[in-house]
Amino acid sequence: MKEDPIRVITIDGPSGSGKGALSFLLSQWMSWNVLDSGAIYRVLAYSCRSNNVDLLNENRVAELARDLKADFQTAENGEIRTIFQGFDISDIIRREESGKAASKIASMPRVREALVLQQQSFRKAPGLIADGRDMGTVVFPDAILKIFLSADESVRASRRYLQLMGKGESVSLARLRGEIELRDKRDISRKVSPLVPAEDALIIDSTNLSATEVFERVLDEVSRLKIT
Ligand code: C5P
């Protein structure tokens, strides 16, 4: 008898829409694994910089992507730390500059192709919460539940601003808003795996919702679909 595939819940959306908070709460509640696919693109951008690889050189970036080995370790407080070549680079790759570099290389078809299998390898029992831009459309099209989070641009910029300030990065809100706008435009308009909701996604506008309210809305759906 064929075994049922390991279940996946995907959470896609633009930066600052609340994906990270939702995947954290959901993965803790369900005791499922979590994939922060954006962190993989960020580590790759970091690897390009440390290997002096030009972000526009698709062949070289794809080569690095094929060999990329990042380790994601869960700390005692549930936070996921990114370890690359023996170093904890979590704080470095969270900077907005790193998000910008990640989004540049993420528009390259060969780079995306090289990272798909690596992302799919996170699908382990008892289940996976996958956060990103193309989780429901490309990487896990058979996900049991697909969430697409959106929120007004100014609210998303403020959330990112508070996150970065909380991590000790001093940024200007106006500049951050401009950078996020550019990054989203690039993510939405790229030819491969653009940032769009899957046809069967549940779209939640989190503009006026707290992280807990979004989580509760998703839990309603989880219980309606009897995913536990
Ligand atoms: O989610 P995060 O802000 O960490 O992602 C950084 C960048 O990586 C995004 O702006 C996007 O360009 C890229 N990305 C992607 N596909 C994913 C996850 C992230 O293209 N599944």
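Calculation notes
- Residues numbered from 1 in each chain as written.
- Predicted model: local features only at pLDDT ≥ 70, side-chain atom pairs only at ≥ 80, totals over all residues.
- Heavy atoms only, no water.
- Pairing = 2+ DSSP bridges.
- Helix = DSSP H or I, 4+ residues; strand = E, 2+ residues; numbered from the N terminus.
- Salt bridge = Lys/Arg side-chain N within 4 Å of Asp/Glu carboxyl O.
- Buried < 20%, exposed > 50% of the residue type's maximum accessible area, 1.4 Å probe, protein only.
- Near = heavy atom within 4 Å.
- Polar contact = N/O pair within 3.5 Å; in protein donor to acceptor, adjacent residues only side chain to side chain.
- Areas by Shrake-Rupley, 256 points an atom, 1.4 Å probe, with all protein chains shown as cover.
- Nonpolar A, V, L, I, M, F, W, Y, C, P; charged D, E, K, R; others polar.
- Phe/Tyr/Trp six-rings, centres within 6.5 Å; stacked < 30°, edge-to-face > 60°.
- Axes fitted to C-alpha atoms, helices over the stretch in contact; angles between N-to-C directions.
- Contact = heavy atoms within 4.5 Å.

Enquirer: How would you explain the pairing of strand β3 (residues 70-74) if you had to name every residue and give the values?
Expert: When β3 meets strand β4 (residues 80-84), the two strands line up antiparallel, connected through 5 bridges. Directly across from F72, in β4, lies its bridge partner T82. In textbook terms, the turn of a hairpin is the stretch between consecutive antiparallel strands, and for β3 and β4 this stretch comprises 5 residues, one of which, G78, has a positive phi near 90 degrees.

Enquirer: Tell me about the pattern of salt bridges, and name the residues and values.
Expert: Applying the stated rule across the entire model yields 18 salt bridges. E96 serves as the salt-bridge partner of R183, at 3.0 Å between the closest nitrogen and oxygen. One end of the pair, R183, is in helix α9 (residues 173-189); the other, E96, is in helix α5 (residues 96-105), with 87 residues separating them in the sequence. For the pair formed by R183 and E96, the shared burial category is buried. The partner of R156 in a salt bridge is D184, and the shortest N-O contact between them spans 2.7 Å. With R156 in helix α8 (residues 153-166) and D184 in helix α9, this pair connects stretches of sequence that are 28 residues apart. For the residue pair R156 and D184, the accessibility class agrees, reading buried in each case. Members of the salt-bridge network, linked through shared partners, are E79, R81, D88 and D91.

Enquirer: Account for the site of the ligand, naming residues and giving values.
Expert: The ligand sits among 16 residues. The nearest are R42, R112, R133, R183 and D187. For the ligand, an oxygen atom lies 2.8 Å from a polar atom in the side chain of R183. A distance of 2.9 Å separates an oxygen atom of the ligand from a polar atom in the side chain of R190. Bound to the protein, the ligand loses 96% of the 450 Å² it would expose on its own. Elements supplying a minimum of two residues to the shell around the ligand: α2 (37-50), α5 and α9. When residues of the shell around the ligand are assigned to their parent elements, the largest contribution, 4 residues, is made by α2. Considering only residue class, the shell around the ligand consists of 4 nonpolar, 4 polar and 8 charged.

Enquirer: Could you give me a rundown of the pairing of strand β8 (residues 202-205), with the residues and numbers involved?
Expert: Burial along β8 is one-sided: L202 and I204 are buried, while I203 and D205, pointing the other way, are not. Judged from the 4 bridges that link them, strand β7 (residues 145-150) and β8 form a sheet pairing that is parallel. Bridging across to β8, F148 finds its partner in I203.

Enquirer: Explain the packing of aromatic side chains residue by residue, including any values.
Expert: Overall, the coordinates contain 2 aromatic pairs when judged by the stated rule. Here the aromatic rings of Y46 and F84 are separated by 5.9 Å at their centres, their planes lie at 90 degrees, and the arrangement is edge-to-face. Of the two residues, Y46 sits in helix α2 while F84 sits in strand β4, which places them 38 residues apart along the sequence. Aromatic side chains F72 and F122 sit 6.0 Å apart centroid to centroid with 55 degrees between the ring planes, which places their arrangement in the tilted category.

Enquirer: Describe the sheet that holds strand β1 (residues 7-12), naming the residues involved and giving the relevant values.
Expert: Taken in spatial order, the 5 strands of this open sheet run β2-β6-β1-β7-β8, and their pairing is parallel. With partners counted over all chains shown, the strands left at the sheet margins are β2 (33-36) and β8, one partner each. Direction aside, neighbouring strands of the sheet carry axes that sit 20 degrees apart on average. Set on the sheet, α2 makes contact with β2 and β6 (127-132); between it and β2 the angle comes to about 45 degrees. Packing of helix α10 (residues 211-224) onto the sheet brings it into contact with β1, β7 and β8, and relative to β7 it is tilted by some 160 degrees.

Everything listed is a geometric property; what it means functionally is a separate question.
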